[in-house]
Amino acid sequence: MGRDKNGVVRIRPAAGLLLASLLLVAPPELLLANELAESSRTAAVALAHEGQIERAIARLEELDAAHPGDPRILADLLILYRRAGDNVAILKRTADLSPTDIPEYAHPAWAGALRDARQFEHAAAVLRDSHRQLGIPGRVRYGVVSAEAGDTTTAIEVLGDIDPLPESAREVAMMAYGMRLSGQARAALALANKARRINPDAGLPYVEQTLALWQLGAAERALKAVEARPARFEPDVRLQIEADAIAADIRQAVARRDQLLADARPQAADAIMKAPQQRLDTFIERAPTDHPQHHRALYDRIYLLRQRERMPEAIASWEALPTDLAPPPFARRAAADAYLAEEQPEVALPLYESLLPAQGPADLRLLLDLYYTLIALEDYGRAAELRDQADRTPAWLTIAPGREPAANWERVDVDQLLVNDSAYRQQDAEAWWRSGGLVSTAPAHAGLWSQRAQIARWRGWPERATTFTERAEAWAPEALETRLARASVARDLGHWDVWETKVNRLAEDFPHDVRVRRHLDELDDRNRFSIESEVTVGRTRGGDALVSGNDDQSWRTRLNSPWSGHGIRAFIEHRRETATYEDTEGMQDRVAVGVEWAADRKQAWAAVHRNRLGTAEPGVAAGWSQWLNDHWQLSVEGDSHSMETPLRATEAGLEGWSANASIDWRASESLSAYASTGLLSIDDGNRRLSLGTGVTRRVLAGPHHSTDLGGDLFYQHNSQPDGPYYNPENSSSASVRIDHDWITWRRYDRAFTQHFHAATGIGYQADFGSDPVIELRYEHRWNLNRRWAVRYGVGWSSMAYDGERERRLYGLFGVEGIF
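Residues numbered from 1 in each chain as written. Predicted model: local features only at pLDDT ≥ 70, side-chain atom pairs only at ≥ 80, totals over all residues. Heavy atoms only, no water.

*Asks:* I keep staring at the overall build of the chain and nothing clicks. Help me out?
*Replies:* From N to C terminus, the chain includes 30 helices and 20 strands. For the chain, the residues scored as buried account for 45% of the 819 residues in total. A sequence separation of at least 24 residues applies to 51% of the contacts in the chain between residues at least 6 apart. Of the roughly 41100 Å² of accessible surface on the chain, 54% is carried by carbon and sulfur atoms. Considering the chain, the positive charge centre built from 96 side chains and the negative charge centre built from 118 side chains are found 6 Å apart. (Helix = DSSP H or I, 4+ residues; strand = E, 2+ residues; numbered from the N terminus. Buried < 20%, exposed > 50% of the residue type's maximum accessible area, 1.4 Å probe, protein only. Contact = heavy atoms within 4.5 Å. Areas by Shrake-Rupley, 256 points an atom, 1.4 Å probe, with all protein chains shown as cover. Lys, Arg positive; Asp, Glu negative; His and termini not counted. Charge placed at Lys NZ, Arg CZ, Asp CG, Glu CD.)

Here it is in structure tokens:
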């Protein structure tokens with residue numbers, strides 16, 4: 001007995017010579033003690049072989065106490081401790097020892113105790129130098145504990161070099177276990193299959209075969225194996241495999257859904273998502289609420305609901321999560337998508353931001369979602385940074401040197417974002433230009449044509465948009481974007497039946513899409529009563545005979561019925577105008593009942609009205625307007641008892657009829673012009689002819705500001721000058737105006753806008769010459785939601801009548817809404 005060059009205790013062939021020399025020099029009592037110790041050790045081992053483990057351990061413990069330095073006694077003792085399951089004793093006796101202090105044949109017992117105590121690195125260290133001398137079982141154990149210690153390189157090398165394979169099914173199954181832990185699932189499956197061929201009924205090979213299948217992604221097959229022999233698997237493993245199988249089912253359903261949508265089968269696409277939903281909900285009900293797999297299933301539910309476009313339910317599931325959980329990225333991403341879709345960008349933003357990597361570039365899709373979130377929050381500065389970052393995405397990808405580059409289809413999303421970005425910043429001409437370049441480059445891309453149709457509609461060109469939706473329809477007639485574009489164009493063109501039909505079909509196929517729901521809400525608006533009302537109150541100071549009156553008031557209210565399916569609705573309108581003069585008060589108070597028709601970009605209306613004061617003779621009014629194309633609109637109207645009749649003429653017992661016509665030209669949101677003419681015929685024989693024209697040009701546009709500059713010319717002629725009301729033979733004016741809108745706050749349909757108006761020019765009146773005119777007005781405009789809006793403001797004007805300057809201060813208030 002001795003130690004080799006590595007310090008390991010070994011029994012050497014030359015030990016006999018050594019013992020012989022000891023016989024010559026050692027005292028007789030020492031030789032006798034050694035013989036007795038060896039005899040007692042042999043007897044203890046014999047007891048162990050007979051199954052008397054406890055007696056054998058007691059005998060060896062006595063020997064160990066008498067001979068504390070004998071490694072063979074300690075080695076035998078460790079082996080018997082292991083057989084008795086006393087790992088604590090093994091760890092206690094080996095606490096200060098190294099592998100070289102104990103013979104190799106006891107290393108498996110020592111390593112086994114360490115492994116049971118989950119001290120995998122220490123166990124691997126015990127076997128590192130001795131596993132080859134211990135044969136195949138030792139090599140298997142070393143490979144397994146190396147894998148458990150995280151040293152997968154060593155595990156793969158050691159287990160992969162074992163040839164031939166052991167004949168024991170358990171040993172082969174242990175090899176499969178080690179390979180599986182090392183990430184070699186295919187090799188593990190092959191070993192597990194081999195072990196099952198050796199012993200089909202053995203438990204460990206069955207378990208390892210199942211777990212290898214699971215690791216390879218065949219969770220559904222693994223789950224069936226678990227359900228066939230559930231007792232062989234720990235409850236935690238069963239739950240985890242089932243959760244993985246459900247997750248795989250969800251992924252497959254999503255992929256199948258996408259394919260069905262591409263094949264224009266939206267209802268089948270939605271139906272295929274229902275089974276995973278039911279399966280997941282059942283698992284959530286069954287799994288213990290505090291179990292990690294229950295939490296994981298809750299995350300999967302949020303993801304699945306988001307994929308099904310059930311955004312409110314996804315939000316409810318997210319908010320129901322226990323507060324002490326740390327949801328994984330995919331769940332946070334799904335919740336963020338849901339919050340953004342439900343117009344809660346302030347909640348979505350921190351969730352998206354939590355997904356940004358600490359270093360390196362972010363996922364492009366995440367950048368785009370963050371961009372649209374910031375746009376919804378009106379943070380155009382940060383949105384521009386993300387836009388520029390996304391714009392660095394290349395259009396072509398280099399696959400390998402010498403090969404042709406491949407198209408990067410993610411770039412299309414970036415290009416569409418750039419178009420939208422220009423439109424969001426009210427740079428519609430730039431958005432139009434960008435969109436034109438895209439459809440020229442990719443004329444077969446239906447989504448780009450649908451976007452071009454959208455930009456055309458935003459610019460006020462629905463007829464032109466029809467051409468683009470037809471192009472989109474030619475390539476992808478059943479795509480959601482194409483169908484939404486067609487529905488939007490039908491709405492803007494006033495094709496109500498077509499719009500309703502398309503929206504209802506969209507609702508059948510995509511019932512949870514937020515854009516479809518928006519169309520449904522707008523359709524519902526047409527089935528509701530609506531109201532328009534505005535009042536203006538003014539006070540004038542200046543000349544001796546005020547034309548506007550000292551105090552004036554104008555009030556108009558109109559209540560509309562719901563629209564019929566053919567674009568017809570009834571209305572009741574009340575108009576009241578009053579003004580006080582030096583010696584009298586002028587008033588008109590009329591109530592009208594009428595009917596209106598609007599469809600195909602045409603509008604007609606007719607009403608019967610009556611002045612509640614004075615004469616009881618009813619009046620008749622009617623009007624017609626029509627868009628001839630995307631740029632020209634013609635309007636005419638007439639009234640047998642016109643409220644254009646001056647109040648002083650009304651107080652003098654005079655009435656008049658009127659006829660008006662106008663033509664409007666609109667190039668786009670940036671340039672428009674008009675021309676109008678009107679005739680008022682008063683009972684005193686006076687014929688008042690009016691002519692007007694003007695042009696408006698947008699000179700400034702940004703995300704929250706827009707400025708329009710315009711000029712107007714006006715001329716009026718009265719056939720019978722003078723009389724009891726302001727009635728010069730000729731009067732005219734030339735003025736320039738500026739209007740500025742500042743969107744001070746906005747959140748989707750809700751907004752607060754400040755409006756500034758200023759106009760100045762020269763007014764001319766026959767016999768009195770020219771005088772400057774000026775008007776200033778400041779308004780607040782509130783969009784309370786999609787259906788209701790309120791505005792109020794104050795204004796001041798100054799102009800001359802009959803050579804006398806009048807200054808008028810007025811306030812206004814208006815409201816319109818849908819009940």
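After that view of the structure, there is still more to cover.
*Asks:* Before we go on, may I ask you to explain the packing of helix H10 (residues 169-181) against helix H11 (residues 185-198) in this structure?
*Replies:* For any two helices packed against each other, one specifies the crossing angle of their axes together with the interaxial distance. Relative to each other, H10 and H11 sit at 165°, their axes nearing to 8 Å. Taken together, the axes of H10 and H11 are roughly antiparallel relative to one another. Here H10 and H11 pass one another in a crossing that is left-handed. Facing Ala169, Val172, Ala173, Met175, Ala176, Met179 and Arg180 of H10, the residues of H11 in contact are Ala187, Ala188, Leu191, Ala192, Lys194, Ala195 and Ile198. Of the residues contributing to the contact of H10 with H11, the split by class is 12 nonpolar, no polar and 2 charged. (Axes fitted to C-alpha atoms, helices over the stretch in contact; angles between N-to-C directions. Parallel < 35°, antiparallel > 145°, perpendicular 65-115°, else oblique. Left-handed = near helix turned anticlockwise from the far one by under 90°. Nonpolar A, V, L, I, M, F, W, Y, C, P; charged D, E, K, R; others polar.)

*Asks:* Sorry, what's going on with a negative patch on the surface here?
*Replies:* Judged by side-chain charge, Asp722, Glu729, Asp767, Asp802 and Glu804 come together as a negatively charged surface patch. Mapping Asp722 onto the fold places it in the loop between strand E15 (705-718) and strand E16 (730-747). (Patch = residues over 30% accessible without salt bridge, like charges linked within 9 Å, V, L, I, M, F, W, Y side chains within 5 Å. Salt bridge = Lys/Arg side-chain N within 4 Å of Asp/Glu carboxyl O.)

*Asks:* Is there a simple way to explain the packing of helix H3 (residues 53-66) against helix H4 (residues 71-84) in this structure?
*Replies:* Where H3 contacts H4, the axes come no closer than 10 Å and their chain directions differ by 150°. On the basis of their axis angle, the class for H3 and H4 is roughly antiparallel. The hand of the H3/H4 crossing is left-handed. Between H3 and H4, the residues in contact are Ile53, Ala56, Ile57, Leu60, Glu61, Leu63 and Asp64 and Ile73, Asp76, Leu77, Leu80, Tyr81, Arg83 and Ala84, respectively.

*Asks:* I tried to follow a nonpolar patch on the surface on my own but got confused; where do I start?
*Replies:* Taken together, the side chains of Phe529, Leu559, Ile572, Val591, Val593 and Phe819 present a nonpolar region at the surface, about 520 Å² in accessible area. Its place among the elements puts Ile572 in strand E7 (residues 568-580). Given a relative accessible area of 46%, Ile572 falls into the partly exposed group.

*Asks:* Would you explain unusual backbone geometry in this entry?
*Replies:* Peptide bonds are, in most cases, trans, and in most cases residues other than glycine have a negative phi. Omega for the peptide link from Asp163 to Pro164 comes to 5°, which places this bond in the cis form. Note that Pro164 resides in the loop between helix H9 (152-160) and H10. Phi at Glu343 takes a positive value of approximately 60°, unusual for a residue other than glycine. The residue Glu343 is located in the loop between helix H19 (329-341) and helix H20 (345-353) in this model.

*Asks:* Explain the confidence of the model for the chain to me, please; I cannot follow it from the model alone.
*Replies:* Low-pLDDT stretches of the model should not have their predicted coordinates read in fine detail. Mean pLDDT over the chain works out to 90, with 95% of the residues at or above the 70 mark. For the chain, per-element mean pLDDT is lowest for helix H1 (residues 15-25), which scores 27, and highest for strand E11 (residues 632-639), which scores 98. Note on residues 1-33: pLDDT is under 50 here. Beyond four places in sequence and across chains, it has 32 contacts. (pLDDT = per-residue confidence, 0-100.)

*Asks:* Just checking my understanding: could you explain the packing of aromatic side chains for this structure?
*Replies:* In this description, an aromatic ring pair is defined by two values, namely the gap between the centres and the angle between the planes. Across all of its chains, the model carries 14 aromatic pairs by this definition. Ring centres 4.3 Å apart and planes at 20° place the aromatic pair Phe752 and Trp782 in the stacked group. Of this pair, Phe752 sits in strand E17 (residues 750-765) while Trp782 sits in strand E18 (residues 769-783), and the two are 30 residues apart along the sequence. In this structure an aromatic cluster arises from ring pairing among Trp432, Trp449, Trp461 and Phe468. Between Arg452 and the ring centre of Phe468, over which it is positioned, the NZ or CZ distance is 5.2 Å. Note that Arg526 overlies the ring of Trp496, its terminal NZ or CZ placed 3.8 Å from the centroid. (Phe/Tyr/Trp six-rings, centres within 6.5 Å; stacked < 30°, edge-to-face > 60°. Lys NZ or Arg CZ within 6 Å of the ring centre and 35° of its normal.)

*Asks:* Would you explain the environment of His291 in this entry?
*Replies:* Structurally, the position occupied by His291 is in the loop between helix H16 (274-286) and helix H17 (292-307). We classify His291 as buried; its relative accessible area is 13%. Distance in space between the C-alpha atoms of His291 and Thr707 is 60 Å, their sequence separation being 416 residues. Setting aside chain neighbours within four positions, we find His291 in contact with Asp236 and Leu239.

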